[in-house]
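Summary of the model geometry
Each chain, written out:
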Amino acid sequence: MIPYRDVLKEVLIPEDVLQERIAALGREISEDYIDSKNLILICILRGGVMFLTDLMRQITVPHAIEFMAVSSYGAGNRESTGQVRLTLDLNTDIYERDVLLVEDIIDSGRTIASVLELLSARRPNTLRVCTLLDKAERREVYVPIQYVGFSIPNEFVFGYGLDLDEYYRNLPFIGVVDLDKYPSKE
Ligand code: PRP
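Per chain, the residues get numbers from 1 upward, laid out in the order the sequence is written. Note on the predicted model: pLDDT of at least 70 is required for a residue's local features to be given, and 80 or more for side-chain atom pairs to be given and counted; whole-chain, interface and lining totals, by contrast, use all residues. No hydrogens and no water enter the side-chain calculation; it runs on all heavy atoms of the structure.

On to the sheet that holds strand 2 (residues 39–45), then. What holds strands together in a sheet is hydrogen bonding between their backbones, with the strands either parallel or antiparallel. When DSSP locates at least two bridges between a pair of strands, those strands are taken to pair. To qualify as a helix, a DSSP run of H or I must reach at least 4 residues; to qualify as a strand, a run of E must reach at least 2; elements of each kind are numbered from the N terminus. Reading across the sheet, the six strands line up as 4-3-2-5-6-7 and stay open at both edges, with mixed pairing between neighbours. Since the sheet does not close on itself, it has two edges, and those belong to strand 4 (84–88) and strand 7 (147–151), each with one partner. For this sheet the average axis-to-axis angle between neighbouring strands, irrespective of direction, equals 30 degrees. In this structure, strand 2 lies alongside strand 3 (residues 64–72), joined through six bridges in parallel fashion. Residue I40 lies in a different strand from strand 3, and its bridge partner there is A64. On top of the sheet, helix 2 (residues 49–56) reaches strand 2, strand 3, strand 5 (98–106) and strand 6 (126–134); it is set at about 155 degrees to strand 2, its chief contact. A contact between two residues is defined here by any heavy atoms of the two lying within 4.5 Å. In this analysis an axis means a line fitted to C-alpha atoms, helices contributing only their contacting stretch, and an angle means the value between N-to-C directions, from 0 to 180 degrees. Along the sheet face, helix 3 (residues 110–120) touches strand 2, strand 3, strand 4, strand 5 and strand 6 and points at about 165 degrees away from the line of strand 5.

So, about the packing of helix 1 (residues 15–32) against helix 2. Look at helix 1 against helix 2: their axes get within 9 Å of each other, and the N-to-C directions meet at 60 degrees. Put simply, helix 1 runs oblique to helix 2. Our pair here, helix 1 against helix 2, has a crossing hand that is right-handed. For the pair helix 1 and helix 2, contact is made by Q19, I22, L25, G26 and I29 and by F51, D54 and L55, respectively. Considered class by class, the residues forming the contact of helix 1 with helix 2 number five nonpolar, two polar and one charged. Put simply, angles under 35 degrees are roughly parallel, angles over 145 are roughly antiparallel, angles from 65 to 115 are roughly perpendicular, and the rest are oblique. Each crossing is labelled by how the near helix is turned from the far one, with a counterclockwise turn of less than a right angle marking it left-handed and a clockwise turn marking it right-handed. As a working rule, the residues Ala, Val, Leu, Ile, Met, Phe, Trp, Tyr, Cys and Pro are called nonpolar, Asp, Glu, Lys and Arg charged, and the rest polar, with Gly in that last group.

Attention shifts here to the pairing of strand 9 (residues 174–177). Of the pairings in the sheet, the one linking strand 1 (residues 8–13) to strand 9 comprises four bridges and is antiparallel in character. When the bridges of strand 9 are listed, E10 appears paired with V176. As paired strands, strand 8 (residues 157–158) and strand 9 are joined by two bridges and run antiparallel to one another. If you follow F158 over to strand 9, its bridge partner there is G175.

You can see Y168 is positioned in the loop between strand 8 and strand 9. The spatial distance from the C-alpha of Y168 to the C-alpha of L41 is 24 Å, given a sequence separation of 127 residues. Non-local contacts of Y168, meaning those with residues more than four positions away in its chain, are made with M1, I2, P3, Y4, V7, F158, G159, Y160 and L162. Two N or O atoms count as a polar contact when they lie within 3.5 Å, although within protein this holds only if one can serve as hydrogen donor and the other as acceptor, and sequence-adjacent residues are included solely when both atoms are side-chain atoms. A distance of 2.5 Å separates a polar atom in the side chain of Y168 from the backbone oxygen of I2.

When two cysteine sulfur atoms lie within 2.5 Å, the pair is treated as a disulfide. For the coordinates displayed, the defined rule picks out zero disulfides. C43 takes part in no disulfide bond, and the closest cysteine sulfur, belonging to C130, lies 11 Å away. The exposure class of C130 is buried, given its relative accessible area of 0%. Using a 1.4 Å probe on the protein chains alone, a residue whose accessible area is under 20% of its type maximum counts as buried, one over 50% counts as exposed, and one in between counts as partly exposed.

Interpretation in functional terms is not warranted from these geometric data alone.
Quick look at the structure:
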């Protein structure tokens, strides 16, 4: 894979801005869940990992973490197909627990809508969504989102958990892809 600088058009959200916003989200979540007895953060792999690990360090109320993975049918496309299947389930019962889903980005909304449907059937006490990035312009299905880090324009972004063909997730900032140098496969 080529160095990230060769595909970077511009930095959309620099590292210090990301971290400041995540600290603020952590404070807000800590206040909202101050009385919770059994908070669990659920990260949807893989894009949400960076965000989860930074966010949890900013949350001061006791909480557990868990991971789940879903895959769009017809993976390889950059567009969500609208159907998702569970590829890694939770190892924990969430019945009567306070569940906070942690996502890197909500685009069409189909992934998180499917996950919400699946998890609500397990009857948690509360079920909310926290996403770092919200690309609302692309929404196809309504999803309630309680915590949003940044609302972003309809740009092809990468870094900080978001990949380009599985690479560059480690970058500490969110960048915009230069489509002349990294053409879309669509
Ligand atoms: C990304 C992201 C969300 C989903 C958002 O995951 O992490 O789960 O797409 O798109 P949607 O709102 O249109 O459903 P992706 O399938 O790229 O997997 P990854 O997290 O492993 O990169």
